[in-house]
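Results of the structural survey
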Amino acid sequence: MDRLTKVCICKSISRQNIKKAIENGAKTVEDVKRATGATTGSCKGRRCSQKIQKLIDEYYKNLED
């Protein structure tokens, strides 16, 4: 399902790609941007930045548990 769900609609970047970037060390939205190109579309991240931050927060929270 992650492969099909688009987090960054403007650039058509899937949740799977965002998660891979986070697993590979991205700790901020800016890191994810550099790794995937997310937030560089026509809306400049207004649609996806919060979703990306939530995925980052969930990933690092799960590491702590």
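Calculation criteria
- The numbering scheme is per chain: residues are counted from 1 as the chain's sequence reads.
- For this predicted model, a pLDDT threshold of at least 70 governs which residues receive local features, and a threshold of 80 or more governs which side-chain atom pairs are given and counted, while totals over whole chains, interfaces and linings are taken from all residues.
- Water and hydrogen atoms were dropped before computing side-chain values, which therefore reflect all heavy atoms in the structure.
- Definition used for salt bridges: Asp or Glu carboxyl oxygen within 4 Å of a side-chain nitrogen of Lys or Arg.
- Only DSSP runs of H or I reaching four residues or more are called helices, and only runs of E reaching two or more are called strands; each is numbered from the N terminus.
- Classification of residues uses two cut-offs on accessible area relative to the type maximum, computed with a 1.4 Å probe and protein chains only: under 20% is buried, over 50% is exposed, and between them is partly exposed.
- To define a nonpolar core, start from buried Ala, Val, Leu, Ile, Met, Phe, Trp, Tyr and Cys residues and group those joined through side-chain atoms within 4.5 Å.
- Whether two residues are in contact is decided by their heavy atoms, any of which lying within 4.5 Å being enough.
- Aromatic rings from Phe, Tyr and Trp, taking only the six-membered ring of Trp, are treated as a pair when their centres fall within 6.5 Å; an angle between ring planes under 30 degrees marks them as stacked, one over 60 as edge-to-face, and anything in between as tilted.

Going through the model one piece at a time under the given rule, you end up with four salt bridges. A salt bridge links Asp-2 to Lys-19, with the shortest nitrogen-to-oxygen separation between them at 2.7 Å. Here the residue Asp-2 occupies a position in the segment before β1 (6-8), and Lys-19 occupies one in helix α1 (residues 15-23), the gap between them amounting to 17 residues. Between Asp-31 and Arg-34 there is a salt bridge, with the nearest N and O atoms lying 3.0 Å from each other. Here Asp-31 pairs with Arg-34, and both are found in helix α2 (residues 29-36), just three residues apart, close to one helical turn. Relative accessible area serves as the criterion here: at 23%, Asp-31 is assigned to the partly exposed category.

Core analysis: the largest hydrophobic core is formed by 14 residues, its most contacted members being Val-7, Ile-18, Ile-22, Val-32, Ala-38, Ile-52 and Ile-56. The set of elements that each furnish at least two residues to this core consists of β1, α1, α2 and α3 (49-64). Excluding anything up to four places from it in sequence, Ile-22 contacts Val-32, Leu-55, Ile-56, Tyr-59 and Tyr-60.

Further remarks concern the environment of Leu-55. Mapped onto the elements, Leu-55 comes out in helix α3. Along the backbone, Leu-55 and Gly-41 are 14 residues apart, and their C-alpha atoms lie at a distance of 19 Å. If near-sequence neighbours (up to four positions away) are discounted, Leu-55 is found in contact with Val-7, Arg-15, Ile-18, Lys-19 and Ile-22.

For the rest of this paragraph, the subject is the side chain of Thr-39. By the element assignment, Thr-39 lies in the loop between α2 and α3. Once residues within four sequence positions are removed from consideration, Thr-39 is found in contact with Cys-8, Val-29, Lys-33, Lys-44, Gly-45, Cys-48, Ser-49 and Ile-52.

This brings us to the environment of Ala-38. Its place among the elements puts Ala-38 in the loop between α2 and α3. In this structure, the C-alpha to C-alpha distance between Ala-38 and Leu-55, residues 17 residues apart in sequence, is 13 Å. Other than its neighbours up to four places away in sequence, Ala-38 contacts Cys-8, Ile-13, Ile-18, Val-32, Lys-33 and Ile-52.

Inspection of every chain in the model, using the stated rule, returns one aromatic pair. Considering the side-chain rings of Tyr-59 and Tyr-60, the 5.0 Å spacing of their centres and the 90° angle between planes classify their relative orientation as edge-to-face. By relative accessible area, which is 26% here, Tyr-59 ends up partly exposed. Assessed through its relative accessible area of 23%, Tyr-60 is described here as partly exposed.

Honestly, that's just the spatial picture; any functional story needs more than this.
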